[in-house]
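Chains, contacts and geometry: an overview
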Amino acid sequence: MATIREQIRKKPWLGWLLFLATIIVVFFLGLLASSIMERRAEAIFAYQPEVDHGKWEPRSEVWGRNFPRQYNRWEATKDTSLRTKYNGNAPIDMLERNPRLVILWADYGFSKEYNQSKGHMWSIHDIRDILRTGAPVDGRSSPMPNTCWTCKSPDVPRVMSEIGAEAFYKGSWEERGHQIVNPIGCADCHEAENMNLHVPRPALVEAFQRNGKNIEEASHQEMRRYVCAQCHSEYYFKGSGDYLVFPWDNGREVEEVEAYYDKRDFSDWTHGISKAPMIKAQHPDYELFMTGIHAKRGLACADCHMPYTSEGGQKFTDHKIVSPLNYIEKTCLVCHNESEQELIENVYTRFDKVKASQYQLEKLLVKAHFEAQKAWELGATEEQMNDALMDIRHAQWRWGYVANSHGAPFHSPIECLRIYNTGIDIAQNARLKLARILADLGFNKEVPVPDISTKAKAQEVVGLDMEKLDRQKETFMEEVVPEWEEKAAEREKSYDVKELEE
């Protein structure tokens, strides 16, 4: 076989071709090397810290001086444009969409107003603006305790560090309005000294301690769950001091938490129609997630809700926390081989099936509440009603355990269906018991359900004066909130933030 030199001697054009190919390869290798060096330079430049701030600095814009890319993505949580088949993060009036909720929460704050959750940037605005926190003006107090601030702001661990958690929880909600002003942000999940993940609120730490688990020994992947679980879990307010507790002493399954509450005779409120002692499930997102396949495969919340992204040579977690359907190519498609459309259909199929059971249980519960009301009207005794009311309590607890959880039909569809199916059985038993009571009282007809086809009609049925409540809240937002903001701005001037030399 002829050597390359001999071939070039016979065919001079071949030498020129090799020469040009070499130049092209060298050129592109140079571009690649230049790009790598430029990205490295960008990375070094992008993360030169600009400020030094305190351990409990609650303002995310201050942290953003050192971590601009993460801050910009966190700030994007103010976007409310995502609408999926089952809500997304758009501003949706959930009572208008499903008026049955007004009846299920009769005489409880959620019957006044309940909206679709939006991004973390909205946490302070929404708790101020929601009717559930009342309108504490002209000497009126809020119907809610200070504990309701707990998961709304990095100002909370700041104040807790000053006065302690027990003191923080005590008192009426408006008392700390001027202290809690910054929306959920950096300090809620990160230590200022080293950016390690941490859990600055005590409820999760205390719940683990009571079960023999030390959160200080958690792995990084576990912490990527726990920083979310410190807020996205079931809880209740214990005792006269409204101390926030995660009721996990018996376990985290719906029956185990129910047994915890029953043993303590705890109820959130007495139902305004049936007079049943009710438990309002909050948002047991972590509990249900941990029963699903993704948790069993070792995934954490951040893997799907904060996928990795890159910019300027930097790979970082996307702090625009939102439904994974918003950027499915960075979430589901990282692990799954199906097409985007197939994966979306898979998600919606799970939701469709779980929601069908949810709506069936809701309808049974609405009827049971009005049937209990009729029994009371006819002179039923507490002894007669007790078993039926406990069934209503237990059935609606199961309904809320799933319905009030974010994304539960996807996180753990099998467990959700199991919970709803047991709830349906219990609700049917409640109605059978009520039918026997009504028959004993001489009533053998179907109990009519009032017209609750709209939110307004349902709220009229439960006796809410919505015009008055809206008027009071408007006054509160116009007169009180600006005073809170002014006091906060003056206080924050004293926070120690030092500019660093370049």
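Residues numbered from 1 in each chain as written. Predicted model: local features only at pLDDT ≥ 70, side-chain atom pairs only at ≥ 80, totals over all residues. Heavy atoms only, no water.

Turning our eyes to something else, we now look at the overall build of the chain. From N to C terminus, the chain includes 23 helices and 8 strands. Along the first, second and third principal axes, the C-alpha set of the chain runs to 115 × 60 × 45 Å. Within the chain, buried positions represent 47% of all 502 residues. When the accessible surface of the chain is totalled, it reaches about 25700 Å², and 52% of it is carbon and sulfur. Here the chain contributes 63 positive and 77 negative side-chain charges, whose respective centroids are spaced 5 Å apart. (Helix = DSSP H or I, 4+ residues; strand = E, 2+ residues; numbered from the N terminus. Buried < 20%, exposed > 50% of the residue type's maximum accessible area, 1.4 Å probe, protein only. Areas by Shrake-Rupley, 256 points an atom, 1.4 Å probe, with all protein chains shown as cover. Lys, Arg positive; Asp, Glu negative; His and termini not counted. Charge placed at Lys NZ, Arg CZ, Asp CG, Glu CD.)

This paragraph deals with the pattern of salt bridges. Enumeration according to the criterion identifies 25 salt bridges in this entry. Where Arg 418 meets Glu 415, a salt bridge forms, and the shortest distance between an N and an O atom there is 2.9 Å. Taken as a pair, Arg 418 and Glu 415 lie in helix 20 (residues 413-440) at a separation of 3 residues, close to a single helical turn. Here the residues in one salt-bridge network are Glu 50, Arg 65 and Glu 499, joined through shared partners. (Salt bridge = Lys/Arg side-chain N within 4 Å of Asp/Glu carboxyl O.)

Right, let's talk about the nonpolar core for a bit. Ranked by internal contacts, the top residues of the largest apolar core, which has 63 residues, are Trp 105, Ile 392 and Trp 399. For this core, the secondary-structure elements that each account for two or more residues are helix 5 (94-97), helix 6 (100-104), helix 12 (254-263), helix 17 (340-377), helix 18 (382-403) and helix 20. In terms of nonpolar packing, the next biggest core, distinct from the first, is built from 37 residues, Ala 218, Tyr 235, Trp 248 and Phe 476 among them. (Core = buried A, V, L, I, M, F, W, Y, C linked by side-chain atoms within 4.5 Å.)

By secondary structure assignment, the location of Lys 112 is in the loop between helix 6 and helix 7 (123-129). Residues Lys 112 and Gly 239, spaced 127 residues apart in sequence, show a C-alpha to C-alpha distance of 25 Å.

Turning to the pairing of strand 6 (residues 308-311), a few remarks are in order. In the case of a regular strand, side chains alternate between the two sheet surfaces. As judged from the 4 bridges shared by strand 6 and strand 7 (residues 314-317), these two strands associate in the antiparallel manner. The residue bridging Tyr 308 from the neighbouring strand is Thr 317, located in strand 7. From the end of strand 6 to the start of strand 7, which pair antiparallel, there are 2 residues, and Gly 312 there has a positive phi angle of about 60 degrees. (Pairing = 2+ DSSP bridges.)

Once that is clear, we can look at the packing of aromatic side chains. One pass over the structure, following the stated rule, counts 28 aromatic pairs. Seen in terms of ring centroids, Phe 246 and Trp 248 are 5.2 Å apart; in terms of plane orientation they differ by 50 degrees. Their pairing is tilted. Taking 5.2 Å as the distance between ring centres and 65 degrees as the angle between the ring planes, the aromatic pair formed by Trp 397 and Tyr 401 counts as edge-to-face. One end of the pair, Trp 397, and the other, Tyr 401, are both in helix 18, 4 residues apart, so they sit about a helical turn from each other. Per residue, the accessibility class of Trp 397 equals that of Tyr 401, and both read buried. Chaining the aromatic ring pairs together yields one cluster made of Trp 105, Tyr 108, Phe 110, Tyr 114, Trp 269 and Trp 399. When the ring centre of Trp 122 is taken as reference, the NZ or CZ atom of Lys 118 above it lies at 4.7 Å. A cation over a ring is seen here: Lys 280 above Phe 110, with NZ or CZ 4.2 Å from the ring centre. (Phe/Tyr/Trp six-rings, centres within 6.5 Å; stacked < 30°, edge-to-face > 60°. Lys NZ or Arg CZ within 6 Å of the ring centre and 35° of its normal.)

Counted according to the given criterion, the structure contains 1 disulfide. At a sulfur-sulfur separation of 2.4 Å, the disulfide partner of Cys 151 is Cys 231. For the disulfide bridge between Cys 151 and Cys 231, the dihedral angle about the S-S bond is near -95 degrees, and by the sign convention the bridge is left-handed. Of the two residues, Cys 151 sits in the loop between helix 7 and helix 8 (155-163) while Cys 231 sits in the loop between helix 11 (220-229) and strand 2 (236-238), which places them 80 residues apart along the sequence. Overall, the relative accessible area of 22% leaves Cys 151 in the partly exposed class. Here Cys 186 stays unpaired: no disulfide links it, and the sulfur of Cys 189, its closest cysteine neighbor, is 8.8 Å away. Considering cysteine sulfurs only, Cys 301 is the nearest to Cys 228, which forms no disulfide, with 4.0 Å between them. For Cys 228, a relative accessible area of 23% corresponds to the partly exposed category. (Disulfide = S-S within 2.5 Å.)

The subject of this paragraph is helix 23 (residues 481-492). Its 12 residues place the ends of helix 23 16 Å apart at the C-alpha level, agreeing with the 16 Å of an ideal helix rising 1.5 Å per residue. For helix 23, the set of buried residues is Val 481, Trp 484, Ala 488, Arg 491 and Glu 492. Summarising the axial view, the buried residues of helix 23 lie within an arc of 90 degrees, below the 170-degree limit, and thus occupy one face. The exposed residues of helix 23 that point more than 90 degrees off its buried face are Glu 486 and Glu 490. Each element contacted by the buried residues of helix 23 is listed here: helix 7, helix 8 and helix 22 (466-479). (Expected span 1.5 Å × (residues − 1). Arc of directions from axis to C-beta. Contact = heavy atoms within 4.5 Å.)

It is worth spelling out unusual backbone geometry at this point. In this model, Asn 87 sits at a positive phi of 90 degrees, which is unusual for a non-glycine residue. Here Asn 87 is to be found in the loop between helix 4 (68-75) and helix 5. Overall, Asn 87 belongs to the buried group, its relative accessible area being 13%. With a phi angle near 55 degrees, Asp 138 is a residue other than glycine that sits in the positive phi range. Following the sequence through the fold, Asp 138 ends up in the loop between helix 7 and helix 8.

Bringing the side chain of His 394 into the picture now. Secondary-structure assignment places His 394 in helix 18. Residue class for His 394 comes out buried when judged on its relative accessible area of 14%. Side-chain polar atoms of His 394 contact the side chain of Asp 262, separated by 2.7 Å. Once residues lying within four places of it in the same chain are set aside, the contact partners of His 394 are Glu 258, Asp 262 and Ile 426. (Polar contact = N/O pair within 3.5 Å; in protein donor to acceptor, adjacent residues only side chain to side chain.)

On to the confidence of the model for the chain, then. In the predicted model, the chain carries a mean pLDDT of 92, and the fraction of residues at 70 or more is 91%. Note on residues 41-45: pLDDT is under 50 here. Beyond four places in sequence and across chains, it has 4 contacts. (pLDDT = per-residue confidence, 0-100.)

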